[in-house]
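Letter by letter, the chains look like this.
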Amino acid sequence: MKKKGIISTCIILAIAIVCTVIAGTSFYNKRNFKEDIVTEGSAVTRTYKLSTYNKNLKGTIANVDIYVLEGKEPGGSILILGGTHANEPAGHMAAIVMLEQLTVEKGTVYVIPQINMSGLSHNDPLEGQPQFIHFTTKDGSVRTFHFGSRAANPIDQWPDPDIYTHKPSGQGLSGSETRNLNRCYPGQKYGTLSEQVAYAVTNMINTEKIDMEIDLHESSPEYAVNNACVAHERAMAIAAEGVLNLEMDDISMRLEPSPVTLHGLTHRELGDFTDTYALLLEVGNPSQGRFRGYTDEKLVITGEDPCYVIAQKLGLLYVDYSAGNFPLSLRVARHVAGCAAFIQAYNDSLDDDARAIIIDNVPDYHEMVETDDLGLYLR
Amino acid sequence: MTFTTIIYLAIAVMVFASVLYNMLFKETKVVDKISCAMILVCLILRIFMIK
Ligand SMILES: [Zn+2]
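Since we're looking at a predicted model, the values are computed, not measured.

With respect to the overall build of chain A
Right, so step 1: When helices and strands are counted, chain A shows 10 helices and 13 strands.
Right, so step 2: A compact globule built from 379 residues would reach a C-alpha radius of gyration of about 21 Å, and chain A, at 21 Å, matches this within 12%.
Right, so step 3: Across its three principal directions, the C-alpha atoms of chain A cover 90 × 50 × 40 Å.
Right, so step 4: In chain A, which comprises 379 residues, the share counted as buried stands at 58%.
Right, so step 5: Accessible area for chain A stands at about 15,500 Å²; split by element, carbon and sulfur atoms hold 55% of it.
Right, so step 6: The averaged location of the 48 negative side-chain charges in chain A is 11 Å from the averaged location of its 31 positive side-chain charges.

A few points about the nonpolar core
Residue and element names in this part refer to chain A.
Right, so step 1: M93, V332 and F342 are the most contacted members of the largest nonpolar core, which totals 63 residues.
Right, so step 2: Ranked by residues supplied to this core, first place goes to helix α9 (residues 328–349) with 12 residues.
Right, so step 3: Those residues within four positions of V332 in sequence are excluded, and the remaining contacts are A90, M93, A94, V97, M368 and L374.
Right, so step 4: Counting residues in hydrophobic clusters, the runner-up holds 31 residues, among them Y110, Y185, A198 and A278.

Observations concerning unusual backbone geometry
Residues and elements named next belong to chain A.
Right, so step 1: In this chain, W158 is followed by P159 through a cis amide linkage whose omega measures 5°.
Right, so step 2: With respect to the element layout, P159 can be found in the loop between β6 (142–146) and β7 (163–165).
Right, so step 3: Look at the link from K167 to P168: it is a cis peptide, with omega at 5°.
Right, so step 4: Residue placement: P168 occurs in the loop between β7 and β8 (172–174).
Right, so step 5: Positive phi is not limited to glycine here, since L126 has a value of about 70°.
Right, so step 6: Among the residues examined, L126 registers a relative accessible area of 90% and is labelled exposed.

Focus: the coordination of the zinc ion
Put simply, the ideal angle at a metal is 109.5 degrees for four donors in tetrahedral geometry and 90 or 180 degrees for six donors in octahedral geometry.
Residues and elements named next belong to chain A.
Right, so step 1: The coordination sphere of the zinc ion, as far as protein atoms go, consists of H85 (ND1), E88 (OE), E88 (OE) and H217 (ND1), spread over 2.0 to 2.4 Å.
Right, so step 2: Taken together, the four donor atoms coordinating the zinc ion and their angles of 56 to 150° define a geometry best described as irregular.
Right, so step 3: Judged by relative accessible area, E88 falls into the buried class, the value being 2%.
Right, so step 4: H217 gets classed as buried once you look at its relative accessible area, which sits at 1%.

What counts, and where the lines are drawn
Residues numbered from 1 in each chain as written. Chains lettered and ligands numbered in written order. Predicted model: local features only at pLDDT ≥ 70, side-chain atom pairs only at ≥ 80, totals over all residues. Heavy atoms only, no water. Helix = DSSP H or I, 4+ residues; strand = E, 2+ residues; numbered from the N terminus. Rg over C-alpha atoms; globule rule 2.2 N^0.38 Å. Buried < 20%, exposed > 50% of the residue type's maximum accessible area, 1.4 Å probe, protein only. Areas by Shrake-Rupley, 256 points an atom, 1.4 Å probe, with all protein chains shown as cover. Lys, Arg positive; Asp, Glu negative; His and termini not counted. Charge placed at Lys NZ, Arg CZ, Asp CG, Glu CD. Core = buried A, V, L, I, M, F, W, Y, C linked by side-chain atoms within 4.5 Å. Contact = heavy atoms within 4.5 Å. Donors = N, O, S within 2.8 Å, 3.2 Å for Na, K, Ca; no water. Tetrahedral: all angles 85-135°; square planar, octahedral: opposite > 155°, others 65-115°.

These figures capture arrangement, not role.
Next up, the structure:
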């Protein structure tokens, strides 16, 4: 090698090492960042680990906390799942707001806000999305939360197969869907990490005889299933009443039946493999849509994007984007109001109130939208 | 870590070694060396399982 060649090779190699260190540190810090969820002063009566329902999760990143809010009186129970898709922050944040704010008079509320912790620990490649989002609380402290990926982290389950075969249905999906938690239900005890998590949730619902389950999501504003509730056929009557209650409160919500032949999703498999009433809520998220422009924390929180203003004018959206934004506070408020409305509808469906779930201190939808500051609803 | 992951990691290490060898001793054009360097960054992160 000539001297000139040696010098250029050394310079390029040095730049590569610097890039590796910068990227590596950033990814490592993201992977190891622990969100602090405040239970002090909340109605959380106990926390325990998801591995209670699948021992194989012990020692993995997926062994997350289950937060339990128990009422003074025994009654029915509900499981709220947040963060299934970690690039849909309203689901993750709504679960955190509820576990930190709700009080329970009767029955039990289980909340798992980080159900896809592996997905929260990294970002989707090439999407340019932020790693974290921040909120200032009433007392002025800043709280930091993950913005993650739709899929589990490849370092937890790698490589992906060419074709992902869902068990037990045998449905074939593209290989990367093997890391999509919401295609892995009812799950496998000894499967991939995502399948093991799904198995734990199914087992939890069966073991604790949980009456209702709500999985909180977001979707692109141009996607048809939006501002919607997807319900398993057994949960349809409750969902229909819940949607009517929401409409009466000026919160428009579509009702979609869970497709019978689309497997692996909570609203299908948890309805089929457990006795729970399985529901899934969707709300429009501009920071995840394909029409979006520059993507940063501001877009995640305000939902303000000039490209979506154009899309709205062209009639391409399934959410009302006439205000030119779709803020996270509104999206979280929709999820919180949705959970409260479906709990009410579930209570109304009961013959007697032995299995009722009575919650209180639900943050008001209109107040959350008006104040437009999620930090006020965090401890 | 599953057996398949270990096999894939071994493949990643071999590709890394081969790309590094090419960069140091085979490639003469600067653009090709830069291409090699860009491949090395991704490979080293995967070998250390940092994502
Ligand atoms: Zn989703």
